[in-house]
Every structure is written in structure tokens, then in C-alpha cells.
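# An overview of the molecular structure
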Amino acid sequence: MPVLTTDAESETGIPKSLSNEPPSETMEEIEHTCPQPRLAVHCVLFEAPLFEWPKNPESFLSSKGARKTLTAPAPFADETSCQCQAPHEKLTIAQARLGTPVDRPVRVYADGIFDLFHSGHARALMQAKTLFPNSYLLVGVCSDDLTHKFKGFTVMNEAERYEALRHCRYVDEVIRDAPWTLTPEFLEKHKIDFVAHDDIPYSSAGSDDVYKHIKEAGMFVPTQRTEGISTSDIITRIVRDYDVYARRNLQRGYTAKELNVSFINEKKYRFQNQVDKMKEKVKNVEERSKEFVNRVEEKSHDLIQKWEEKSREFIGNFLELFGPDGAWKQMFQERSSRMLQALSPKQSPVSSPTRSRSPSRSPSPTFSWLPNKTSPPSSPKAASASISSMSEGDEDEK
């Protein structure tokens, strides 16, 4: 395998060529002991995590039925440094993508501030981790002093930013107090093969692009930025909606001193919170009143529909009873005819025999007690008067 020559270096001290000739001094073949990617193998059969890879992990997984899981945060570089004594040959990007070398992972380095760690950071680290089939991702995080000097004030301090990176699943190792500009000594110390970062020139510390010498050495691998999310965007949202967040934190129990809010602003924010509560109550009352009105309207429609149905039924029953051909008219006619028959009975026949005289009495003038055929009683009163006169006649006759 080709090794680096000691004199083949660029002006920056970064090796830039490979030598196909063996080194001048014979060297025994030394096995690589570089740290492996942070994937803890958890064996299902033994229920015990194995924090070191077996020599043949794929056969181990297939034979033991194990699965790969993350069980601990990424270590710091000063706690787990690469002490491998084997020659660390320089790789090209094409070789690394083909899986060369097979006896060690490709060591990829990504650095940044990582303030307010968000999905854009995580996606960039994911891209750096998946650049090559077998890669070991080292992430350098700059300290507060360097960041405040070259970039500006941070929301999270350096300890919080270190911890945020340790708990990202794509990170294998975290380098604290990383340099602002990468030096050959730093690259050699951590045995870095490639540097991953977005391809936009990063001007800082008096340089047009702090990664220029890395690009010239063929060690730079670009990643893509995630649009729509950045630390500056998040800070801009907070500054834009400062009153909202200040009022929210006052409502949650933070003091005005902790929020660096003046006495007048504190009273203003608390008053605004009370106004918002009243608005919310009014809004709830309006919503409830609307619901009540809607229910009443629905019920009124139902009542009107039922009233219309009942009114039609009532009118139909009324007409059926009192209409021109209704049952009431027929009943009235029947009753009227019965009354007329009762008041005007049928007359006796003409050939009926007259009453015989009594032999013991003297003859008296005869007269008919029946009403005249041609002059029927004009009214019930007349009929009753004739009947009473007839009865009086009978009384006299007796």
C-alpha cells in the first residue's frame, strides 16, 4: 500500500502526494488501532452491550442475532484520542468512497459553533457521516473566547454546546476548544483524512476562506446547507417577538431582573397579560354564545316545521269536519230532519171512522179535531197551540 513521503508536502505542511515507492527504512506491518464508529452492538441472546466491535462484526451479527444501537453519548477527543501507530496513508475521495482502506474507518472532521443546535446542524453532520461507507466523524466545537472574538456573542455557552454535540447520533467524537483555522499539526494529531463543510467561502480572521488550504490539498468534501433554518434565523425570531417571549416568561414565574426588564415594562407586560386573558374570556363567551344561538336556531327551525305540519293537519281536520261536504253538515241535516219529523207527524187517513156518540148523552155538534190538510201548522208554536186547543176540546167533551 502506498505511504506518505516526508518531503511531499504543500506550503501549508499538508501532504499532497502519494509515493508508490516503499519507505527507505523497512518497517514491520502494524495493525491499525483507530477508534471505530460509535455503534454499540447489543446482543439479543446475552442481553449485554458490547462497546467494542468484534473483528468480523457482520458475521457476529448474523450468527448471534444482535442489533446495533447507541447506548452512550459521544466521547471527547481528550478522553479517547487516536493512539494508532500504524502509518496513516493519505486517501483520495475516490478511494474513500470505494471503501478503502478496509482495516480502518475514514476519519472525517467537521467544525462549527453549533449555537442553538437545530436540525440544520444535524443534517450537515448526517451528510458528513454518510460521505463514505465506513467513516468516523470528529466534530470540533470552538470555545466561547474564539467565538466571541471572531463571530459574536452566543446564546449557549461552550459547555452547553459541547453537550449538545455529544448527544447527536451521527457524531463519533467531540473535540473541545477546536481551532478557528485548521493547522497541519491539528490534522496530524487527530489523523484527519477529510474536512466536511458547506462550499460557501467562509471569510474570517483576515482570510477570504479559512478552508482554502484544505481545498487545495484535496481534503475538502462539501456538504449542503439546509435552507430556512439557522442560528441567526432563530435569534431573529426571538428579537422580533421579544415582547411575546418576555410576557410569556413573566407569566411562567421568571422575575423582571432575570429577564433584564425594567419596572415600567414589567408592569406593561403584566397589564397586557391581563388584557389577553380578558380577550380570551370574551372570545370563549362569544364562541359559547354563537353555539347557543346556533342550537336555538336549529331548534326553532324544528319547531316551525312541526308547527307547520300540525297546522296543516288541523286545517285538514277542520275542513273535513266543517267543510261543504263535511261530516258536521251531514249530521246537522240528519238531526234537522229528525226534529221536523218529530214536530210534524204524519196525518191520519180521510176514511178513518168518526167517533161514535155516547148513548147516554145528548147530541152535540160535531167538529173535526184533526188539523186541516190544506193548512198545516206554520210553526212549531202554532202546532203546539192547536194540540192544546184539541186537548181542551176533549176536556169539554168529557
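Residues numbered from 1 in each chain as written. Predicted model: local features only at pLDDT ≥ 70, side-chain atom pairs only at ≥ 80, totals over all residues. Heavy atoms only, no water.

### A look at the side chain of Asp144
- By the secondary structure assignment, Asp144 is in helix H4 (residues 144–150).
- Here the side chain of Asp144 touches Arg161 through a polar contact of 2.6 Å, side chain to side chain.
- If near-sequence neighbours (up to four positions away) are discounted, Asp144 is found in contact with Thr154, Met156, Asn157, Glu158 and Arg161. (Helix = DSSP H or I, 4+ residues; strand = E, 2+ residues; numbered from the N terminus. Polar contact = N/O pair within 3.5 Å; in protein donor to acceptor, adjacent residues only side chain to side chain. Contact = heavy atoms within 4.5 Å.)

### Quick look at the side chain of Arg247
- When you line up the elements, Arg247 lands in helix H9 (residues 242–251).
- Looking at Arg247, the relative accessible area reads 15%, which means it is buried.
- Looking at Arg247, its side chain comes within polar contact range of the side chain of Asn273, at 3.3 Å.
- In this view, Arg247 contacts Tyr269, Gln272, Asn273 and Asp276; residues no more than four positions away in its chain are not counted. (Buried < 20%, exposed > 50% of the residue type's maximum accessible area, 1.4 Å probe, protein only.)

### Details of a nonpolar patch on the surface
- On the surface, Phe314, Ile315, Phe318 and Leu319 cluster together into a nonpolar patch covering about 440 Å² of accessible area.
- For Phe314, the location among the structural elements is in helix H10 (residues 263–322).
- Note on Phe314: relative accessible area 60%, which makes it exposed. (Patch = residues over 30% accessible without salt bridge, like charges linked within 9 Å, V, L, I, M, F, W, Y side chains within 5 Å. Areas by Shrake-Rupley, 256 points an atom, 1.4 Å probe, with all protein chains shown as cover. Salt bridge = Lys/Arg side-chain N within 4 Å of Asp/Glu carboxyl O.)

### Quick word on the sheet that holds strand E4 (residues 106–112)
- Ordered by their spatial adjacency, 5 strands build an open sheet running E6-E5-E4-E7-E8, and the pairing between neighbours is parallel. The two strands at the open ends of the sheet, each matched to only one other strand, are strand E6 (173–176) and strand E8 (220–223). Strand-to-strand twist of the sheet, defined as the mean angle between neighbouring strand axes without regard to direction, takes the value 30°.
- With 4 bridges joining them, strand E7 (residues 194–198) and E8 adopt parallel strand pairing. Bridging across to E8, Ala196 finds its partner in Val221.
- Most of the contacts of helix H5 (residues 158–166) go to strand E5 (residues 135–141), to which it runs at about 165°, and overall it touches E5 and E6. (Pairing = 2+ DSSP bridges. Axes fitted to C-alpha atoms, helices over the stretch in contact; angles between N-to-C directions.)

### Considering the pattern of salt bridges
- Tallied over the full model, the rule gives 12 salt bridges.
- In this structure, the salt-bridge partner of Asp241 is Arg240, at a minimum N-O distance of 3.4 Å.
- Using a relative accessible area of 61% as the deciding quantity, one classes Arg240 as exposed.
- Arg312 serves as the salt-bridge partner of Glu308, at 3.9 Å between the closest nitrogen and oxygen. Remark: Arg312 and Glu308 occur in helix H10; sequence separation between them is 4 residues, near one turn of the helix.
- For Glu308, a relative accessible area of 32% corresponds to the partly exposed category.
- A cluster of three or more residues bridged by salt bridges with shared partners is formed by Asp199, Asp209 and Lys215.

### A few points about the packing of aromatic side chains
- Overall, the coordinates contain 6 aromatic pairs when judged by the stated rule.
- Summarising the aromatic geometry, the rings of Phe76 and Tyr162 are spaced 6.5 Å apart at their centres and angled 75° between planes, so their arrangement reads as edge-to-face. Within this pair, whereas Phe76 is found in the loop between strand E3 (67–69) and helix H2 (93–97), its partner Tyr162 is found in helix H5, the two being separated by 86 residues in sequence. The pair Phe76 / Tyr162 is uniform in exposure class, with both members buried.
- Residues Tyr211 and Phe220 carry aromatic rings whose centres are separated by 5.9 Å and whose planes lie at 50° to one another, so their mutual orientation is tilted. We note that Tyr211, like Phe220, is buried.
- Over the aromatic face of Phe220 sits the side chain of Lys215, whose NZ or CZ is 4.9 Å from the ring centroid. (Phe/Tyr/Trp six-rings, centres within 6.5 Å; stacked < 30°, edge-to-face > 60°. Lys NZ or Arg CZ within 6 Å of the ring centre and 35° of its normal.)

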